[in-house]
Amino acid sequence: MNTLHKGDPVSEGYEQSPSPTDVGFHIVSRRGLIVGAAAVAGAGLLAACGSDSTTASTTPATSGGGDTTTPTTGGSPDTTAAPSGDAVTVGINEAAGAGKVGDGIKAGLDATGVPYKGNFVDHNSFQDNITSYLQQPDDVFTWFAGYRMRFFAEKGLAGDLSDVWDNLPDFTEGFKTAATGNDGKQYLVPRSYYPWAVHYRKSVFADKGYAIPTNKDELIALATKMQADGLVPFAYANDGKWPVQGTFDILNMRLNGYQFHVDLLAGKEDWTQDKVKNVFAVWTSLLPFHQENPNGRTWQEAATALENKEAGMYYLGTFVSSNSTDQAYLDDLDFFTFPELDPAIGADALDAPIDGWMMAASPKNEAGAKALLTAVGGLDFSNAVNAVDNSAVPANDKFDVSKFTAIQKKSAELVGSAKNIAQFLDRDTSPDFVSNVIADAFAAFHTDPGSIDTILSDIETQKSQYL
Amino acid sequence: MEADLTVPVTTAAPPKGRRRRRRYSQLSRGDKVTLWLMAGIPTVIHVVFVWVPAFMTISLSFTKWDGLKLGTWKLVGFANYWAVFTVFDGKFFPALFNNVILLVFLSLCSIVGVLFAYLLDKNIRGSAIYQSVFYMPVVLSLAIVGFIWKGVMYSPGQGLFNVVLGRTAQGNQIDWVGNAEKIFTFHVPGLDTPLGLTKNFAALLVAMAWRHIGYVMVLYLAGLKSVDPALREAAAIDGCNEWQAFRQVVFPVMKPINVVVFVITVIEALRAFDIIVALKSPPGTKVLGVLVRDNLVGEGGGQVGLGSAYGVVLLVLCLVFIIWYLINNYRETDA
Amino acid sequence: MSAQLTVVKRPARRARYSRAFLYVFLTLMALLWLVPVFSAMYAALRPYSETQKYGIFSWPKSLTLQNFRDAWTQGQMTHTFKNTMFIVIPAIVLILFFSSTMAFAVSRYSWRFNVALLLLFTAGNLLPAQVLFQPLFQMFKHTPWPDILSDTNTGSLLGTKIAVIIVHVAFQTGFCTFVLSNYMKTIPKELGEAALVDGASTSRQFFQIIMPLCRPVLAALATLEFTWLYNDFFWAVVLINQGDQRPITSSIANLGGQFFSNDNLIAAASMIIAMPTLVVYLMLQRQFISGLTLGANKG
């Protein structure tokens, strides 16, 4: 039974995981040229829509409202003015009216002008139930780049968007690669992304004269100094068993490089080899610089420790800011990429998950779905979303950088300067494997770091059941 | 608990002969039709939507399937069971042990629930309020149960326990929910890791007791209603003290309800998963129900065969336990 | 049973002391039970920004009902509550009816399949719900269902609230049959025999004699079933993929984000959502508390 998945094309797919010269590599440099070109881009989008196979009946509003960013929705909360029979059904992994993210997506969809009927579902249950959802999907739905997207494409549960991509001039090659399945066709239209980085308070660093570390020695020196100053160097949490996966990702990428990381998650590398053991050895040596007992702490409590100046740094996604509404703190919050640990490997890889849109394998309204997917790849969509929700960075390369918040700007720069982008551990491998094996193993490691050899050999034996 | 349930019927119970039930053959044709409908319709529904899927699950446990498309499963024989007991022995046996702990613990809680019901049935003032209070944990949704225990009671930095104990300072915190160190351990031959009760599972037991007691209380209260108050009065006249009256009069009369409480305790102990999942199943707190859930549903639920195998193992454990008990029980009363 | 016993109003002797002790004990226990609930309530009455920064058990800077207001509107509870009632009410009626008839048939009459049927129902109840999820899901998916008979247009049972009702009825009938049949055994047989002498049919016996006597346990079961079905999230979410068709439990889920969740808001939402179940309990509990005597067996 171990061999069942061997040779399965899915497991080969990892190599195409957002590959070198990846996502958003050219974001910053090219954006500068396009500032103010929104109108041009909009016109290009329109032309693209016109040349699509879209029939007039499914996109009546596109021709009328597509050249402006004004929403065409009616009064009903989740239905456009057009009759629902013609509307594209859209599954969205955010609840309606309960937060900025959902509101932003809704504003963006309204701005596309394509009649749609939104199916707003809270993020966690959407993700938990994706396998059953895909057996009765909406025409278009939200999902992530990474292993799972390619897996669904492989299984024939996602629609081929190659012809949509012919009309998506706003994305860099890196995003196109991230949207590509194992068969070389595109299955995703990217929406936004956010990076993982070391967060800190500028005021604390200024007061104490800390400098941003760029290599391991500086990192250790800084952490030691923080401890002497009564600070816990790193806030740390693992409630839900996913936050420390980010720490593993970055340590592995810093010590063994991006390609090894991807291969390890693909099941092609042995978890018991010395390279992996070294990651845990370094991790163990860094644990004294972290808050103790992370398993029982939520990331929100850890973020509060950073905010309350109990901790000096926190390695987490940029969503760390969502825990607070204190503007003074948010203005004080900054981040840097995790420092280099091995000069031979460098520090040019990081986690930056991409969210986007996919199409059902056989949508009821394919023409409408493709029109909508073309539109959400356009600038009008990104503008409308960003006006409501600027927590993530729009994937659209032509987005006006002057509209960025400071965090967005830094995120775009950080990701733009990275050579390799990973999607986060549970998006880069089978979620079965992560939730049933890795998550528990990492939690067990934090209970007893000394037992890591047993833990790793357990991972290696259990891996065969999932990959 | 079980020993208590088999207390011999005392003099207070009616003579056996009078309990004999109506014979089916004595009924008129119309009554027979009525009876067939009464039993038939629920049986059909129950069989079609519970037992047919159950047998499908048993079949699925011999396959490897991602749950996506019908017919894409591959037969793998007993490979999933082999995996459960060997590859995942480090998960299965600790989970099983946690279920055993839970069974013992919830049995004690059931006794407390019965006690609460008995006390609240004594015509006391404000009984409705006390009952509502004890029942409240049952009505609260899992979302808030998770928040209450994880965020409010056991939170390392701001939770009630650490606040009361003065252990909220950085580096001095007690990690109630996350600490998987074992309170005691023992070695089982053939297992790599020793079994034992983890500290955080002990902490979770408190949350489960909080919920279970109210549940048992409600069922028992309803049963106590059918105990003739005259019986208790008679017992009092006979000079029984409170405990004797309960043990020798109320408890035997309540025998069928005791069976209910016993069975639901076993069910709850073996099938438990919801509070643990609501607290995001911290390391060391897995029970079999959580393993079933993790492998069958959720984003990690892509291993239908393996998850089904876990489910079948759990089902067999439950069935063996309950069938053994029920058969013993019904043989006695139906004789 | 024991009709020969007579009620004697007997003044309690040691009673006063033990009564006082009883009240103290129950009150202490009740307070213990309430600590977690009140703590959560305290959090619900304060903004997240405050408890986040100063801790849940800090002195309040502001107490506000804003979380409750936000929970109500953002959770769209009026809408989801309707969905819940659409599922829960028919389901409970069917569950209690089917399990009463079933329990009546197996506990009041002797026929060949008695014990077997009871075992079937009791054992069905032991199956962890998730174990049945995959097969049930596929069964519903492949059962055509005219759109006109549901308020969704999925073409199959999958995605309809009817599917959720069916699952609940099938599952919970097992539990309720088991419980009810045990309670019915505590009802003296003389009652049925007396009715037989009167020439009452089976259905008359069921409706006019047994069912009224089962009021306490029916009330208890109705309370428990209401609580469970009302709080069900699992079946509603796996079987209904349209967010706007989902029950009130999804309102709570809707308030949590991908990463950040405002726990105080969620606590407020949970408090609101718990209200109907508590009301049901208070309404039905008089059916199963002392003070009323069973009485019928003396007649």
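You'll find the structure just up there.
Thresholds applied
Residues numbered from 1 in each chain as written. Chains lettered and ligands numbered in written order. Predicted model: local features only at pLDDT ≥ 70, side-chain atom pairs only at ≥ 80, totals over all residues. Helix = DSSP H or I, 4+ residues; strand = E, 2+ residues; numbered from the N terminus. Buried ≥ 20, exposed ≤ 12 C-beta atoms within 10 Å, placed from the backbone. Contact = placed C-beta atoms within 7 Å. Nonpolar A, V, L, I, M, F, W, Y, C, P; charged D, E, K, R; others polar. Pairing = 2+ DSSP bridges. Right-handed = clockwise from strand over helix to strand, strands pointing away. Core = buried A, V, L, I, M, F, W, Y, C linked by C-beta atoms within 7 Å. Expected span 1.5 Å × (residues − 1).

**Student:** Where do I start with the overall build of chain A in this structure?
**Tutor:** Looking only at helices and strands, chain A features 22 helices and twelve strands. Taking all 467 residues of chain A together, 59% fall into the buried category. At a minimum sequence separation of 6, the contacts of chain A that also span at least 24 residues come to 80%.

**Student:** What exactly am I supposed to notice about the interface of chain C and chain B here?
**Tutor:** In many reports, interface size means the accessible area that the parts give up when they come together. Taken together, the contacts link 101 residues of chain C with 99 residues of chain B. In terms of residue count, the dominant contributor to the side of chain C that touches chain B is helix 7 (residues 161-185) of chain C (13 residues). The residue makeup of the side of chain C that touches chain B, split by class, is 62 nonpolar, 33 polar and six charged.

**Student:** Can you help me understand the interface of chain A and chain C in this one?
**Tutor:** Between chain A and chain C, the residue contacts involve 27 residues of the former and 26 residues of the latter. Every element with two or more residues in the side of chain A that touches chain C is listed here: strand 2 (116-120), helix 6 (123-128), helix 7 (130-133) and helix 15 (299-307) of chain A. Class assignment of the residues belonging to the side of chain A that touches chain C gives a composition of seven nonpolar, 17 polar and three charged.

**Student:** Sorry if this is basic, but what is going on with the environment of leucine 32 of chain C here?
**Tutor:** Residue and element names in this part refer to chain C. Mapped onto the elements of the fold, leucine 32 is located in helix 1 (residues 15-44). Assessed through the 11 C-beta atoms surrounding it within 10 Å, leucine 32 is described here as exposed. As a C-alpha pair, leucine 32 and alanine 44 span twelve residues in sequence and 19 Å in three-dimensional space.

**Student:** When you look at the pairing of strand 1 (residues 88-92) of chain A in this model, what are you seeing that I'm missing?
**Tutor:** Regular strands place their side chains on alternate faces of the sheet. Residue and element names in this part refer to chain A. Here strand 1 lies mainly inside the structure; five of its five residues are buried. By the bridge criterion, five bridges tie strand 1 to strand 2 in an arrangement that is parallel. Residue pairing for strand 2: valine 90 is matched across the bridge by glycine 118. In this view, the connection linking strand 1 to its parallel neighbour strand 2 by way of helix 5 (residues 100-112) has right-handed handedness.

**Student:** Looking at this structure, how should I read the sheet that holds strand 11 (residues 393-394) of chain A?
**Tutor:** In sheet architecture, strand pairing relies on hydrogen bonds along the backbone and comes in two forms, parallel and antiparallel. A sheet is described by the order of its strands in space; here six strands give the open sequence 2-1-3-10-4-11 (chain A), paired in mixed fashion. Each edge of the open sheet is held by one strand with a lone partner, namely strand 2 and strand 11 of chain A.

**Student:** How should the nonpolar core be read in this particular structure?
**Tutor:** Most often, soluble globular proteins have nonpolar side chains that are buried together. Tyr314 and Leu372 of chain A are the most contacted members of the largest nonpolar core, which totals 324 residues. For leucine 372 of chain A, the residues in contact, after removing those within four places along its chain, are Val88, Val90, Thr112, Val114, Tyr116 and Val140 of chain A.

**Student:** Is there a simple way to think about helix 10 (residues 242-253) of chain B in this case?
**Tutor:** Each full turn of the α-helix corresponds to 3.6 residues, which orients residues three or four apart in the same direction. Residues and elements named next belong to chain B. Under the 1.5 Å per step criterion, the end-to-end length of helix 10 is 16 Å for twelve residues, consistent within 8% with the ideal 16 Å. Residues Ala245, Val249, Phe251 and Val253 constitute the buried set of helix 10. Where helix 10 is buried, its residues contact helix 9 (229-237) and helix 11 (255-271).

All we've got here are geometric facts, nothing functional implied.
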